[in-house]
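Reading the structure
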Amino acid sequence: MPITLKDVTFVYNPGTPMEVIALNTINLNFNEGIITGIIGPTGSGKSTLLMLLNGLLTPTRGNVVVDGLVTSKKANLKTIRQKVQLIFQYPEHQLFAETVFDELTFGPKNFGRELTEGQAAELLRQVGLDETYLKRSPFELSGGEKRRLAIASVLGISPKYLILDEPAAALDPVGKETIYRLLLSLKKQGVTVIIVSHNMEEVAYLCDQILVLDRGRIAAFGEKNEV
Ligand code: ATP
Ligand code: MG
């Protein structure tokens, strides 16, 4: 089952002078097993949309439904968060642990999965790092390494949907390539990937489907070649 948005409107600070309609009456389906790229000018609602997909935000009007579960129902949230993992634009701002091992295994542990050192090392390898990182401090990693660590941690939760805000921003060409290869291999494994990107080359290379947002509305949505 896909993620479905039905008549979704999201308003920040509703009913106040600071009111912003970030998304306006959005209807769409994110189908499974493909990579969707979301593009659009700054302030068009891209990040807001991502936060609606895992229930971090709930619609002001309308519904977001993940595999048949509506995000606005509190009892559904734990299941939805396991299925839909969201990696922010700057995941490095959320680091907290003393070692890469602790940082990496914290999220999976929250979902009942205790990872061994061997399993943690395997996740690091998937993102182009290795087991020598496990005992290091996450704070001492480079920006690109921190980004990869965030992705490795999320992979330990085996999400069905992986959502990334600017997955390759500020990475060097090798780092970008590692992330691209990883996302394409996740797609092969049946993971549904949704990315926000300002980089058109990246979107053209990676994505099967493109969603264009403009001032909170859908400007275009379809196969890469049609948009
Ligand atoms: P960017 O490309 O710059 O990341 P975006 O497309 O991700 O932009 P959003 O962050 O979704 O845009 O913002 C959509 C609108 O909502 C903007 O007008 C923004 O100013 C407003 N907005 C975003 N976050 C908040 C907030 N926490 N409180 C109030 N308004 C907000
Ligand atoms: Mg944004």
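About the thresholds
Residues numbered from 1 in each chain as written. Chains lettered and ligands numbered in written order. Predicted model: local features only at pLDDT ≥ 70, side-chain atom pairs only at ≥ 80, totals over all residues. UniProt positions renumbered as here; feature names shortened; annotations may be inferred. Pairing = 2+ DSSP bridges. Helix = DSSP H or I, 4+ residues; strand = E, 2+ residues; numbered from the N terminus. Axes fitted to C-alpha atoms, helices over the stretch in contact; angles between N-to-C directions. Contact = placed C-beta atoms within 7 Å. Near = placed C-beta within 6 Å. Nonpolar A, V, L, I, M, F, W, Y, C, P; charged D, E, K, R; others polar.

Where an unreviewed UniProt entry is consulted, the chain appears under the name Energy-coupling factor transport system ATP-binding protein, with the organism given as Carboxydothermus ferrireducens DSM 11255. On record in UniProt, under Sequence similarities (unreviewed entry), the comment for the chain is "Belongs to the ABC transporter superfamily." In its Subcellular location (unreviewed entry) section, the UniProt record describing the chain reads: "Cell membrane".

In this section: the sheet that holds strand β6 (residues 84–87). One open sheet accounts for 6 strands, arranged β6-β7-β8-β3-β9-β10; its pairing is mixed. Looking along the sheet, the strands with just one partner apiece sit at the ends: β6 and β10 (217–223). Within this sheet the neighbouring strands show an average axis-to-axis angle of 15°, counted without direction. Sheet topology places strand β3 (residues 35–39) next to strand β8 (residues 192–196); 4 bridges connect them, and they run parallel. Bridge assignment links Gly37 to a residue of β8, and that residue is Ile195. Each of β3, β6, β7 (161–165), β8 and β9 (209–214) is contacted by helix α1 (residues 46–53), which is oriented at about 155° to β7, the strand it contacts most.

Strand order in this open sheet of 4 strands is β2-β1-β4-β5, and the pairing throughout is antiparallel. For this open sheet the edge positions go to β2 (20–30) and β5 (69–70), each flanked by a neighbour on one side alone. As defined by bridge partners, strand β4 (residues 61–66) adjoins β5 across 2 bridges and the pair is classed as antiparallel. Paired with Val66 across the two strands is Leu69, which belongs to β5. Of the strands in this sheet, β1 (3–12), β2 and β4 are in contact with α1, which crosses β1 at around 125°.

Another point: the site of ligand 1. Around ligand 1, the structure places Tyr12, Asn13, Val20, Ala22, Gly40, Thr42, Gly43, Ser44, Gly45, Lys46, Ser47 and Thr48. Looking at the shell around ligand 1, the elements with two or more residues in it are β2 and α1. Counting residues per element, the shell around ligand 1 draws most heavily on α1, at 3 residues. The residue makeup of the shell around ligand 1, split by class, is 3 nonpolar, 8 polar and 1 charged.

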